[in-house]
Amino acid sequence: MPPGPAQHNGNGHIDGRRFRQVLGRFATGVVAITALDPANDQPCGLAANSFTSVSLDPPLVAFCVAHTSTSWPRVRGAKVVTVNVLAEHQQAVCAQMAAKGGDKFAGLAWTGSPGGNPVLEGALAWLDCVIEAEHPAGDHMIVVARVLQLDTHADGGPLVFFQGGYGGFVEPS
């Protein structure tokens, strides 16, 4: 018998495993947020599947970063950050960007965006942004960023995260 509905237990707590299981049924795209670390001019970045457009006027996007992220402070230190929309063949790139520590750009090809940040080879699109606001929310930070420049980059389908796994999108015929 499948688990029952996730409910409050009286003190406002919902089981974390059940929360993740239920929300895992919502498919998301995956992005890599990149920048050049102002401390050493080296590329830095992180992966996120909590990315969304927020506003057309002004052009705003948002993504969420865990408070425990050791990469976000390095990325956040840059004047401009770049959102790379990952393609379905970039699951290994996502894993590399999501890894803790190490050189996240080892073996990755990239070119500079107009803002100077890494645009990953094969990414579907990129957006150069400036951080406009950060809002604490539970164990994450909601980051709102103003889009300065953007463009498409490569062709293909998106990298999709669904029920704890990665896949692609099949266009309807």
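Refer to the structure presented above.
Attention here is on the structure that accompanies the text.

Basis of the calculations
- Residues numbered from 1 in each chain as written.
- Predicted model: local features only at pLDDT ≥ 70, side-chain atom pairs only at ≥ 80, totals over all residues.
- Heavy atoms only, no water.
- Helix = DSSP H or I, 4+ residues; strand = E, 2+ residues; numbered from the N terminus.
- Polar contact = N/O pair within 3.5 Å; in protein donor to acceptor, adjacent residues only side chain to side chain.
- Buried < 20%, exposed > 50% of the residue type's maximum accessible area, 1.4 Å probe, protein only.
- Arc of directions from axis to C-beta.
- Contact = heavy atoms within 4.5 Å.
- 1 Å grid on protein atoms, 1.4 Å probe; cavity = no way out; pocket = protein on both sides within 12 Å on 5 of 7 lines; lining within 4 Å.
- Points joined across faces, edges and corners; volume = space filled by probe spheres on them.
- Nonpolar A, V, L, I, M, F, W, Y, C, P; charged D, E, K, R; others polar.
- Salt bridge = Lys/Arg side-chain N within 4 Å of Asp/Glu carboxyl O.
- Pairing = 2+ DSSP bridges.

Another aspect to go through is the environment of Asp15. Among the secondary structure elements, Asp15 is positioned in the segment before α1 (16–23). Of the polar contacts made by the side chain of Asp15, one reaches the backbone nitrogen of Arg17; its length is 3.3 Å. A distance of 2.9 Å separates a polar side-chain atom of Asp15 from the backbone nitrogen of Arg18.

Moving on to helix α3 (residues 91–98). Val93, Cys94 and Met97 are the residues of α3 that are buried. One face of α3 carries all of its buried residues, which in axial projection span an arc of 100 degrees. Residues of α3 that are buried in the fold lie against β2 (31–36), β3 (43–48), β8 (118–120) and β12 (165–167).

Before going further, it helps to spend a moment on the layout of surface pockets. The space that makes up the largest pocket amounts to roughly 1,200 Å³. As for the largest pocket, its lining consists of 35 residues, of which Arg20, Asn49, Ser50, His140 and Phe161 are closest to the centre. Among the elements of the structure, α1, β3, β5 (60–66), α3 and β10 (140–152) are those that each provide at least two residues to the lining of the largest pocket. The element best represented in the lining of the largest pocket is α1, accounting for four residues. Partitioned by chemical class, the residues of the lining of the largest pocket number 19 nonpolar, 12 polar and four charged.

Attention shifts here to the side chain of Ser113. Considering the arrangement of structural elements, one finds Ser113 in the loop between β7 (110–112) and β8. For Ser113, the contacting residues outside a window of four places in its chain are Thr82, Val119, Trp126 and Asp128.

Evaluated as defined, the whole model comprises three salt bridges. Note that Arg76 is salt-bridged to Glu134, the shortest N-O span being 2.4 Å. Of the two residues, Arg76 sits in helix α2 (residues 72–76) while Glu134 sits in strand β9 (residues 125–137), which places them 58 residues apart along the sequence. When the shortest N-O distance is used, the salt bridge between Arg146 and Glu132 registers 2.8 Å. One end of the pair, Arg146, is in strand β10; the other, Glu132, is in strand β9, with 14 residues separating them in the sequence. Under the relative-accessibility criterion, Glu132 is labelled partly exposed at 39%.

Attention now goes to the sheet that holds strand β1 (residues 28–29). Reading across the sheet, the three strands line up as β1-β11-β12 and stay open at both edges, with antiparallel pairing between neighbours. The open sheet terminates on both sides in strands that have one partner only, identified here as β1 and β12. In terms of strand pairing, β1 meets strand β11 (residues 160–162) through two bridges, oriented antiparallel. By the bridge assignment, Thr28 is partnered in β11 with Phe161.

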